[in-house]
Amino acid sequence: MLSVIPNPPRIALPIVGSDDLFPVRRVYCIGRNYAAHAREMGADPDREPPFFFMKPADALQLVPAHGTTEHPYPPRTTNYHFEVELVAALGEGGIDIPKERAAAHVYGYAIGLDMTRRDLQDEAKKLARPWDLGKAADFSAPIGPLHRAASFGHPDRGAITLGVDGVVRQSGDLGEMIWSVPEQIALLSTYFTLAPGDLIFTGTPSGVGPVDRGQTMSAAIEGLGTISLVVT
Ligand code: MN
């Protein structure tokens, strides 16, 4: 049997120190997982726990570890925000995964950006509508190469930063997450059957803000290097 249209491409992440690829299935994201960021978004982290949303897998933009990659400014926004995030890539799936066994399901980690059309997201919040128009723009999930947990380990602390044109805008620590990566996997697996190839964007520290055409974003996580993008 032939496909009646060209087969849509399967997004696959390069793996540091290997010629092999990590094919992506789904992209899950967590919202308000750092207390200071929850507060800057007008929420009370003591009363309102983090929550999940999704991006389409083809919103991923592969960003090499070296050089500066062009990142297109999306349409229908005048307030396009950066959010630097640790991304966990699952090598094993399951349902009702116990927290104590969850880390072993992670194949590796990468630096990601949860780029957001904040004006559209704010409008969706106000009107109690879905977040997709704000969160799922084309190219809205830049991601660096995957570092294998087998060599990198499972980070529970370490600096996570984002700079714009050399000025630090976000500066946090992975240890400030409200829900740890294993807790996120455990909880998410009560809602969905997780599978190999799933990514989880694990939330952003405070300091999110707008970026404009011509500006360069540099996102870094301790041990995972830096990715650099110029907005075009
Ligand atoms: Mn985010």
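Quick note: structure is the one above.
I will try to describe carefully the structure that is included in this document. Please read these numbers as outputs of a predicted model, since none were measured by experiment.

Things to note about the sheet that holds strand E16 (residues 209-210)
Taking strand neighbours across the sheet as the criterion, the three strands line up as E10-E7-E16 in an open arrangement whose pairing is antiparallel. What marks the edges here is a single partner per strand, and that holds for strand E10 (116-117) and E16. In the sheet, strand E7 (residues 80-82) pairs with E10 via two bridges, with the strands oriented antiparallel. Directly across from His81, in E10, lies its bridge partner Thr116.

Examining the coordination of the manganese ion
Only Glu83 (OE), Glu85 (OE) and Asp114 (OD) from the protein coordinate the manganese ion, and they sit 2.0 to 2.2 Å from it. If you list the donors of the manganese ion from N- to C-terminus, the spacing comes out as E-x1-E-x28-D. Given a relative accessible area of 4%, Glu83 falls into the buried group.

Concerning the packing of aromatic side chains
With the rule as written, the count across this model stands at seven aromatic pairs. Centre to centre, the rings of Phe52 and Trp179 are 6.2 Å apart; their planes meet at 35°, and the pair counts as tilted. Highlighted residues: Phe52 in strand E4 (residues 51-55) and Trp179 in the loop between strand E14 (167-173) and helix H6 (181-191), separated in sequence by 127 residues. Ring centres of Tyr73 and Tyr80 lie 5.3 Å apart, and the angle between their planes is 65°; this geometry places the pair in the edge-to-face category. Just as Tyr73 is buried, Tyr80 falls in that class too. Taken together, the ring pairs in this structure connect Phe51, Phe53 and Trp131 into an aromatic cluster.

Thresholds, definitions, all that
Residues numbered from 1 in each chain as written. Predicted model: local features only at pLDDT ≥ 70, side-chain atom pairs only at ≥ 80, totals over all residues. Heavy atoms only, no water. Pairing = 2+ DSSP bridges. Helix = DSSP H or I, 4+ residues; strand = E, 2+ residues; numbered from the N terminus. Donors = N, O, S within 2.8 Å, 3.2 Å for Na, K, Ca; no water. Buried < 20%, exposed > 50% of the residue type's maximum accessible area, 1.4 Å probe, protein only. Phe/Tyr/Trp six-rings, centres within 6.5 Å; stacked < 30°, edge-to-face > 60°.

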